Amino acid sequence: MKTKITELLGIEYPIIQGGMAWVAEYHLAAGVSEAGGLGLIGAASAPAEWVREQIREAKKLTDKPFGVNIMLLSPYVDEVAKVVAEEGVKVVTTGAGNPEKYMEMWKAAGIKVIPVVASVALAKRMERCGADAVVAEGCEAGGHIGETTTMALVPQVVDGVNIPVIAAGGMADGRGIAAAFMLGAEGVQLGTAFLVTEECQIHENYKDFVIKAKDIDTRVTGRSTGHPVRCLRNNQTRTYLQKEAEGAGFEELEHLTLGGLRRAVIDGDVKDGSVMSGQIAGMVKEKTNCKALIARLFEETKQVFKGVSIYE
Ligand SMILES: Cc1cc2nc3c(=O)[nH]c(=O)nc-3n(C[C@H](O)[C@H](O)[C@H](O)COP(=O)(O)O)c2cc1C
């Protein structure tokens, strides 16, 4: 396949594996890149030396380009921003803020910068500060989300900027990917579908919980605090939503989810941990590996485009 994103990133398929906190470490990132997509290491709030180590380990497993997702609210963000430049990372995606102050350093290091956005206004701002592309992420996605759906957000962002747009949120098969292309995207970013790959090192309980999930099984907590997060429903989301409805304050609510993703990913606590996942979990039904998943997704996409014939 050839799109502006395969050209920009030097990859075979226009697919990015979203940088997922605690989940997207080097085995997964390298597995996706080896399979022809772009794998990302999720830096989240991890110290810079952890990120450096992850980059070096990924390089042992693949010669292909991979990237790092940088959370701009991380206490270590200044150091992490330097590490990606020093280590020759090819692509950086950013979340939770404005990467403007690092742009010059990253450009000088030849890094392609792709901010994740949930609105047209932010996409435009990112274009103005030199982004090479944007990920437009709809609220169907797992993890921290905005308010607008992928279906409504992607075409509006496509119309709002002149740089390529990558659609994220709610895709796990060729129909979803084909739909994203029809909305004007030049690539896609998936997170939930990669949770159940062999290369993904999360606890098996987490994978099984995703596979068991149905279409209506996610909940969004944290709307009242201004930090909405989508997870699979469990004891934790139930308690959180109850407390939110009762008007609990930020600190009490924060306390409920503190360390929650770690508990789910590392300890396999799918009852009281934060099992972040998108709405498309209901369509993720079997464990697989990155190569098989990406090959299937794009074979399906091809078949969808071949089958499009609604006009005579
Ligand atoms: C467990 C999990 C953790 C995530 N953590 C992050 C993160 O740290 N940074 C980020 O930019 N996006 C994060 N995301 C969002 C993904 O990168 C991706 O955009 C999203 O999963 C795409 O939607 P989907 O879940 O419907 O495939 C996370 C998603 C999941 C499922």
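Residues numbered from 1 in each chain as written. Predicted model: local features only at pLDDT ≥ 70, side-chain atom pairs only at ≥ 80, totals over all residues. Heavy atoms only, no water.

Enquirer: I would appreciate a short explanation of the nonpolar core in the present structure.
Expert: General note: in soluble globular proteins, nonpolar side chains tend to be found buried as a group. Membership of the largest hydrophobic core comes to 80 residues, with the highest contact counts inside it found for Ile 55, Val 68, Ile 70, Val 84, Trp 106, Phe 194 and Tyr 206. In this structure, this core is formed jointly by two domains, domain 1 (4–200) and domain 2 (204–280), each of which donates at least three residues. Apart from the residues within four sequence positions on either side, Trp 106 is in contact with Ile 70, Ala 81, Val 84, Val 92, Thr 94, Pro 99, Ile 111 and Val 113. The next biggest cluster of nonpolar side chains, apart from the first, holds 12 residues, and it includes Ile 11, Ile 16, Ala 133 and Val 135. (Core = buried A, V, L, I, M, F, W, Y, C linked by side-chain atoms within 4.5 Å. Buried < 20%, exposed > 50% of the residue type's maximum accessible area, 1.4 Å probe, protein only. Domains from an automatic or database assignment. Contact = heavy atoms within 4.5 Å.)

Enquirer: I'm lost on the domain arrangement of the protein in this one. Help?
Expert: The parts lose accessible area when they come together, and the size of an interface is often stated as this lost area. Along its sequence, the protein is carved into domain 1 (4–200) and domain 2 (204–280). A separation of 23 Å is found between the C-alpha centroids of domain 1 and domain 2. Taken together, the contact pairs 20 residues of domain 1 with 18 residues of domain 2. Carbon and sulfur atoms supply 66% of the area that domain 1 and domain 2 bury against each other, a total of about 1,600 Å² over both sides. Counting across the domain 1 and domain 2 interface gives 1 salt bridge. Linking Arg 223 and Glu 147 is a salt bridge whose minimum nitrogen-to-oxygen distance equals 3.2 Å. (Buried area = accessible area lost by both parts, 1.4 Å probe. Salt bridge = Lys/Arg side-chain N within 4 Å of Asp/Glu carboxyl O.)

Enquirer: How do you make sense of unusual backbone geometry when you look at a structure like this?
Expert: Outside of glycine, negative phi angles account for most residues, and trans bonds account for most peptide bonds. Within the chain, Trp 22 stands out as a residue other than glycine whose phi angle is a positive 65°. In this structure Trp 22 comes out as partly exposed when scored by relative accessible area, which is 49%. Even without being glycine, Ala 44 reaches a positive phi, approximately 40°. Its location among the elements puts Ala 44 in strand S2 (residues 39–44). (Helix = DSSP H or I, 4+ residues; strand = E, 2+ residues; numbered from the N terminus.)

Enquirer: I'm lost on the sheet that holds strand S10 (residues 218–221) in this one. Help?
Expert: Within a sheet, each strand pairs with its neighbour through backbone hydrogen bonds, oriented either parallel or antiparallel. Pairing within the open sheet is antiparallel, and its 3 strands lie in the order S7-S11-S10. Each edge of the open sheet is held by one strand with a lone partner, namely strand S7 (143–144) and S10. Strand contacts of helix H10 (residues 235–245): S10 and strand S11 (229–232), with the helix running at about 40° to S10, the strand carrying the most contacts. (Pairing = 2+ DSSP bridges. Axes fitted to C-alpha atoms, helices over the stretch in contact; angles between N-to-C directions.)

Enquirer: Explain H10 here, please?
Expert: Owing to its 3.6 residues per turn, the α-helix brings residues three or four apart onto one side. The complete set of buried residues in H10 reads Gln 236, Thr 237, Tyr 240 and Glu 244. For H10, the arc enclosing every buried residue in end-on projection is 90°, short of the 170-degree limit, so these residues lie on one face. Among the residues of H10, the N-terminal cap falls to Asn 234, whose side-chain oxygen and the backbone nitrogen of Gln 236 are separated by 3.1 Å. Phi for Gly 247, located one or two positions after H10, is positive at around 90°. (Arc of directions from axis to C-beta. Polar contact = N/O pair within 3.5 Å; in protein donor to acceptor, adjacent residues only side chain to side chain.)

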